[in-house]
Amino acid sequence: METRRSRWYFGGIASAGAACCTHPLDLIKVHLQTQQQGKGSVGLISMGVRVVKSDGFLALYNGLSASVLRQLTYSMTRFAIYENIKARLTNDGRAMPFHEKILAATVAGSLGGVVGTPADMVNVRMQNDMKLLADQRRNYKHAIDGLYQVATKEGPQRLFSGATMASSRAVFVTIGQLSCYDQIKGLLLYSGFFKDNIVCHFTSSLAAGAIATFLTMPLDVMKTRVMNSKPGQYKNLFAAAKDIGKNGPVGFFKGFIPAFVRLGPQTILTFVFFEQLRLRFGYKVKSS
């Protein structure tokens with residue numbers, strides 16, 4: 001019996017396609033996370049309405065080029081590494097135990113997080129730019145322009161500001177998405193009630209998205225705050241955590257609903273696109 005395996009770049013393409021669909025929710029999530037608790041704090045829908053009223057409907061797509069670039073670096077790296085490790089460990093036809101999937105996701109996520117940090121920083125800045133006063137806006141034309149301006153004005157090392165948090169978050173989200181998706185999908189197929197089709201892919205990715213959101217929210221809030229900070233505002237991760245903690249533990253889960261609303265559909269679309277690419281264009285291998 002023959003099955004199809006994904007090619008190394010399928011994950012990046014699928015993630016970029018999903019990002020194009022979920023970008024407005026990602027933008028609103030960033031806005032919610034960078035606001036301070038107080039009288040002016042608003043919720044998901046109110047923030048979306050505020051953005052549209054202030055800057056127009058297309059403002060919901062501010063930073064789209066950086067979001068796509070991030071997926072073509074961050075997600076392509078982690079998918080490529082994870083799928084390659086999985087292919088090597090299951091080349092003899094054996095089933096891959098869950099702890100090996102977690103270890104593979106840890107390696108893939110940590111490296112992917114570092115590779116994707118520059119585009120991630122520009123993405124956050126472009127999304128948050130409209131909240132700043134006109135004379136304080138960075139006004140990046142697109143993702144490449146943002147990378148160039150950061151490198152020339154703030155130094156190349158600034159491109160990797162927050163790399164530790166980005167890499168840590170990437171480990172958790174990769175565990176939640178890739179390893180949990182694989183495990184859940186395997187269990188569903190083993191049950192005999194599901195086949196390798198879009199229903200199975202949708203169900204598995206929905207559960208994986210929920211797990212990934214739960215695991216990554218605290219780090220996601222801290223990462224967003226640090227990447228959007230002025231140079232020297234936060235000395236380290238603990239300084240950012242202390243500032244966020246002024247609002248209590250709930251501060252680390254600010255924007256949880258929009259984060260799940262974004263990461264859930266983003267995870268679903270990523271794996272639906274990914275599986276369709278695999279089933280139609282993946283390379284054939286013999287399965288036992």
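Fair warning: this is a prediction, and the values are worked out from it, not measured in the lab.

**Some details on the overall build of the protein**
- The helix and strand inventory of the protein stands at nine helices and two strands.
- Beginning at the N terminus, the succession of helices and strands in the protein can be written as β-α-α-α-α-α-α-α-α-α-β.
- For a compact globule of 288 residues, the expected C-alpha radius of gyration is about 19 Å, and the protein comes in at 19 Å, within 12% of that figure.
- Seen through its C-alpha atoms, the protein measures out along the principal axes to roughly 65 × 35 × 35 Å.
- In the protein, of all internal contacts separated by at least 6 residues, the share reaching a separation of at least 24 is 80%.
- Only carbon and sulfur atoms are counted for the fraction: they give 66% of the accessible area of the protein, which is about 13700 Å².

**Examining helix α5 (residues 143–153)**
- Ala 143, Asp 145, Gly 146, Gln 149 and Val 150 are the residues of α5 that are buried. In an axial view of α5, the angular spread of the buried residues amounts to 160°, which keeps them on one side of the axis. Seen from the buried face of α5, the exposed residues on the opposite side, beyond 90 degrees, are Ile 144 and Tyr 148.
- Residues of α5 that are buried sit in contact with α3 (64–89) and α4 (98–128).
- Looking at the residues trailing α5, positive phi occurs at Gly 155, about 100°.

**A closer look at helix α6 (residues 163–191)**
- Between its first and last C-alpha atoms α6 spans 40 Å; for 29 residues at 1.5 Å apiece the expected length is 42 Å, and the two agree.
- Cys 180 marks the point of greatest bend in α6, at about 35°.
- At the exit of α6 stands Gly 192, carrying a positive phi of roughly 90°.

**What to know about the pattern of salt bridges**
- Taken as a whole and assessed by the stated rule, the structure comprises eleven salt bridges.
- The salt bridge involving Glu 100 is made with Arg 94; its shortest N-O contact spans 2.8 Å.
- Beyond isolated ion pairs, a larger network of salt bridges with shared partners links Lys 185, Asp 196, Glu 275 and Arg 278.

**Focus: the packing of aromatic side chains**
- Inspection of the entire model under this criterion finds seven aromatic pairs.
- Aromatic pair Tyr 9 and Phe 10: ring centres 5.2 Å apart, planes at 85°, arrangement edge-to-face.
- An angle of 85° between the planes, with centres 6.4 Å apart, marks the rings of Phe 271 and Phe 274 as edge-to-face. Remark: Phe 274 and Phe 271 occur in helix α9 (residues 256–281); sequence separation between them is three residues, near one turn of the helix.
- By relative accessible area, Phe 274 is classed as buried at 4%.
- Members of the aromatic cluster, each reached through a chain of ring pairs, are Phe 79, Tyr 181, Phe 271 and Phe 274.

**Looking at a nonpolar patch on the surface**
- Where nonpolar side chains cluster on the molecular surface, the patch consists of Phe 202, Leu 206, Phe 253, Phe 256, Ile 257 and Phe 260 and spans about 520 Å² of accessible area.
- When residues of the nonpolar patch are traced back to their parent elements, those giving at least two are α7 (198–227) and α9.
- For the nonpolar patch, the element with the highest residue contribution is α9, accounting for three residues.
- Here Ile 257 is to be found in helix α9.

**Regarding unusual backbone geometry**
- For Asn 139, which is not glycine, the phi torsion reads 55° and is therefore positive.
- With respect to the helices, strands and loops of the structure, Asn 139 is situated in the loop between α4 and α5.

**Remarks on the packing of helix α1 (residues 10–34) against α4**
- Closest axis-to-axis distance for the α1/α4 pair is 9 Å, and the angle between their directions is 80°. Taken together, the axes of α1 and α4 lie roughly perpendicular to each other. Contact residues: His 23, Asp 26, Leu 27, Val 30, His 31 and Thr 34 in α1; Asn 123, Val 124, Gln 127 and Asn 128 in α4.
- Looking at side-chain class alone, the contact of α1 with α4 contains three nonpolar, six polar and one charged residues.

**So, the nonpolar core**
- Core analysis: the largest hydrophobic core is formed by 16 residues, its most contacted members being Phe 79, Tyr 82, Leu 178, Phe 271 and Phe 274.
- Mapped by element, the contributors of at least two residues to this core are α1, α3, α4, α6 and α9.
- Ranked by the residues each element gives to this core, the list is headed by α6, at four residues.
- Non-local contacts of Tyr 82, meaning those with residues more than four positions away in its chain, are made with Lys 101, Ala 104, Ala 105, Ala 108, Leu 178, Ser 179 and Asp 182.

**Remarks on the packing of α3 against α5**
- α5 packs onto α3 with a crossing angle of 85° between their chain directions and a minimal axis gap of 8 Å. As far as their axial angle goes, α5 and α3 are roughly perpendicular. Taken together, the residues of α5 that come into contact with α3 (itself represented by Ser 65, Ala 66 and Leu 69) are Ala 143, Ile 144 and Leu 147.
- Residues of the contact of α3 with α5, tallied by class, amount to five nonpolar, one polar and no charged.

Thresholds, definitions, all that
Residues numbered from 1 in each chain as written. Predicted model: local features only at pLDDT ≥ 70, side-chain atom pairs only at ≥ 80, totals over all residues. Heavy atoms only, no water. Helix = DSSP H or I, 4+ residues; strand = E, 2+ residues; numbered from the N terminus. Rg over C-alpha atoms; globule rule 2.2 N^0.38 Å. Contact = heavy atoms within 4.5 Å. Areas by Shrake-Rupley, 256 points an atom, 1.4 Å probe, with all protein chains shown as cover. Buried < 20%, exposed > 50% of the residue type's maximum accessible area, 1.4 Å probe, protein only. Arc of directions from axis to C-beta. Expected span 1.5 Å × (residues − 1). Bend = angle between axes of the 7 residues up to and from the residue. Salt bridge = Lys/Arg side-chain N within 4 Å of Asp/Glu carboxyl O. Phe/Tyr/Trp six-rings, centres within 6.5 Å; stacked < 30°, edge-to-face > 60°. Patch = residues over 30% accessible without salt bridge, like charges linked within 9 Å, V, L, I, M, F, W, Y side chains within 5 Å. Axes fitted to C-alpha atoms, helices over the stretch in contact; angles between N-to-C directions. Parallel < 35°, antiparallel > 145°, perpendicular 65-115°, else oblique. Nonpolar A, V, L, I, M, F, W, Y, C, P; charged D, E, K, R; others polar. Core = buried A, V, L, I, M, F, W, Y, C linked by side-chain atoms within 4.5 Å.

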